[in-house]
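Spelled out, the chains give:
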Amino acid sequence: MMRILNLTSVVERQLLRARQTRHTQAERVAARIVRDVQHRGDAALQAWTKKLDGLDLRRQPVWISRREIQTATKSVSPNFLRAVTHAARNVCRVAERQLPRPWQFEVQPGVRIGQSVQPIQSIGCYIPGGRHALVSTLVMTATPALLAGVARIIAVCPHPSPELLAAANTLGVSEIARIGGAQAIAALAYGTHSIPRVDKIFGPGNRFVTAAKQLISSDCAIDLPAGPTEAIVLASGGNPSWIAADLLAQAEHAPDAGSFLVTTSRTLAREVQTVVASQLQQLPSNNPAHVSIRRAGAILIAASLRDACDFINRFAPEHLSLPSADGVRGDLAKRCTASGTIFLGPYAAQPLGDYASGSNHVLPTGGWARRRGGLSAADFVKCISTQSISREGFNHLADDVQTLARSEGLVAHANAVEVRRSGVVRP
């Protein structure tokens, strides 16, 4: 049964503390794996892969062959390939809007500043593959990377399904390694004999993968912490069946996925609780939602809409649904300022965004939505500033630059300007 709790400061602290505790525990485990792979390379990668994923990389190649990819593509249905193409097309259309553009303008006479946009050269796409390989994550990471012009895309997944391999072929991704977990993150970050080092790592994962990404982030760039799923539905009315279905859709990702209904209505709270229990019985007995909805989820009754919004902004969920009329108009969304993505209106089912709406499903978790939004095409490029300064521009800037440099005690800075004025280096 999904818990019904009054949203008090004590309950909020408990929810936030539980999230932090899980991260701290995962970080200790991930740190051991990362250090081992960093120091022992392939030997550690093989050992951890066998222990955690049941794969013996000494008996089967780490890289998926071209033949395997072609065989997989022939084995899947045309309907599946059409769905992948549809999803990728929408993700690409959104990514085109997100991609930074080069520009240049004259700040003042003789001073032209510009922006050059260059793709990151090599990336790793982490594809979760515990219970099932997440085809949608490959679409969400590879599609904007290809649009941005990334030269080398390496996908990693411990148990790549025929559907994943067929999707990779459809998208144009040919390098796929049979590895996963924190050990895959470490291999991509530091490189081993069999796995090349990449410039940046993308993709969501469980709490150990997320902890590993954060641990290596000083040595290899990462997109964002995208760990165990979080979803909040904020509603005081609406269709209990639809609300319950969205909560369970996110709860089935993992046993530690957090799904919450935040409401001011006790009536709706009880209705949703009943429907969640009913819909839960229709899911397979091994579905993680049976555990997560009880262990990590809750129905929270807020004293007011303002209290509800304040809590959401502090919690900063990965997904937020606003199914009411206020949600459709966008009025309520203006009050919710910290969320990875916001679904507006009753027909905006969360799985639509997970797969095919075009918005990216790689989203910040663990409170990171207070600091940044979801994955964007901009994450796959570097914006390099260019500065062109003529003699006229130099003359406009020189006096003030020397004044500022001397105020900081940086004599050489001031001298680098002076030599251009006089042509003589002053002692």
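Look up a bit, the structure's there.
This is a predicted model, so every value here is computed, not measured. (Residues numbered from 1 in each chain as written. Predicted model: local features only at pLDDT ≥ 70, side-chain atom pairs only at ≥ 80, totals over all residues. Heavy atoms only, no water.)

## Regarding the nonpolar core
- Grouped together as the largest cluster of nonpolar side chains are 43 residues, with contacts concentrated most on Ile123, Leu138 and Phe380.
- Looking at this core, the elements with two or more residues in it are helix 3 (66-75), helix 4 (78-98), strand 4 (122-126), helix 5 (135-148), strand 5 (152-156) and helix 6 (162-171).
- Per-element accounting of this core gives the leading share, seven residues, to helix 5.
- Contacts of Ile123, omitting those with residues within four sequence positions, involve Ala145, Val150, Arg152, Ile153, Ile154, Val198, Lys200, Phe202 and Phe380.
- Grouped together as the second largest cluster of nonpolar side chains are 32 residues, Ala26, Leu45, Val198 and Cys220 included. (Core = buried A, V, L, I, M, F, W, Y, C linked by side-chain atoms within 4.5 Å. Buried < 20%, exposed > 50% of the residue type's maximum accessible area, 1.4 Å probe, protein only. Helix = DSSP H or I, 4+ residues; strand = E, 2+ residues; numbered from the N terminus. Contact = heavy atoms within 4.5 Å.)

## Some points on the packing of helix 2 (residues 42-53) against helix 7 (residues 181-190)
- Following both chains from N to C, one finds helix 2 and helix 7 inclined at 155°, their axes separated by 8 Å at the closest point. Viewed along their axes, helix 2 and helix 7 adopt a mutual orientation that is roughly antiparallel. For helix 2 against helix 7, the interelement crossing comes out left-handed. Packed against helix 2, whose contacting residues are Leu45, Trp48, Thr49, Leu52 and Asp53, the element helix 7 presents Gln183, Ala184 and Ala187 at the interface.
- Grouping the amino acids of the contact of helix 2 with helix 7 by side-chain chemistry returns five nonpolar, two polar and one charged. (Axes fitted to C-alpha atoms, helices over the stretch in contact; angles between N-to-C directions. Parallel < 35°, antiparallel > 145°, perpendicular 65-115°, else oblique. Left-handed = near helix turned anticlockwise from the far one by under 90°. Nonpolar A, V, L, I, M, F, W, Y, C, P; charged D, E, K, R; others polar.)

## A few points about helix 8 (residues 207-216)
- All of the buried residues along helix 8 are Val209, Thr210, Ala211, Ala212, Lys213 and Ile216.
- The secondary structure elements touched by the buried residues of helix 8 are helix 1 (9-40), strand 4, helix 7, strand 7 (200-202) and strand 8 (221-222).
- Here helix 8 starts with a cap whose side-chain oxygen sits 3.0 Å from the backbone nitrogen of Phe208, and that cap is Asn206. (Polar contact = N/O pair within 3.5 Å; in protein donor to acceptor, adjacent residues only side chain to side chain.)

## Regarding unusual backbone geometry
- At Ala316, a residue that is not glycine, the phi angle is positive and equals roughly 55°.
- Mapped onto the elements of the fold, Ala316 is located in the loop between helix 12 (305-315) and strand 12 (319-322).

## Re the state of the cysteines
- Enumeration according to the criterion identifies zero disulfides in this entry.
- Its sulfur unpaired, Cys309 is 4.0 Å from the next cysteine sulfur, which belongs to Cys336. (Disulfide = S-S within 2.5 Å.)

## Some words on a nonpolar patch on the surface
- A grouping of Trp103, Phe105 and Val107 is seen on the molecular surface, where their side chains present a nonpolar patch of about 300 Å² in accessible area.
- You can see Phe105 is positioned in strand 2 (residues 103-108).
- Using a relative accessible area of 42% as the deciding quantity, one classes Phe105 as partly exposed. (Patch = residues over 30% accessible without salt bridge, like charges linked within 9 Å, V, L, I, M, F, W, Y side chains within 5 Å. Areas by Shrake-Rupley, 256 points an atom, 1.4 Å probe, with all protein chains shown as cover. Salt bridge = Lys/Arg side-chain N within 4 Å of Asp/Glu carboxyl O.)

## Describing the packing of aromatic side chains
- Tallying each qualifying case throughout the model produces five aromatic pairs.
- For the ring pair Trp103 and Phe105, a centre distance of 5.9 Å and an interplane angle of 50° mean the geometry is tilted.
- Ring centres 5.6 Å apart and planes at 40° place the aromatic pair Phe311 and Phe315 in the tilted group. Within this pair, Phe311 and its partner Phe315 are both found in helix 12, separated by four residues, close to a single helical turn. For the pair formed by Phe311 and Phe315, the shared burial category is buried.
- A network of ring pairs unites the aromatic residues Phe260, Phe311 and Phe315 as a single cluster.
- Seen from the ring of Trp368, Arg371 lies directly overhead, with NZ or CZ sitting 4.6 Å from the centre. (Phe/Tyr/Trp six-rings, centres within 6.5 Å; stacked < 30°, edge-to-face > 60°. Lys NZ or Arg CZ within 6 Å of the ring centre and 35° of its normal.)

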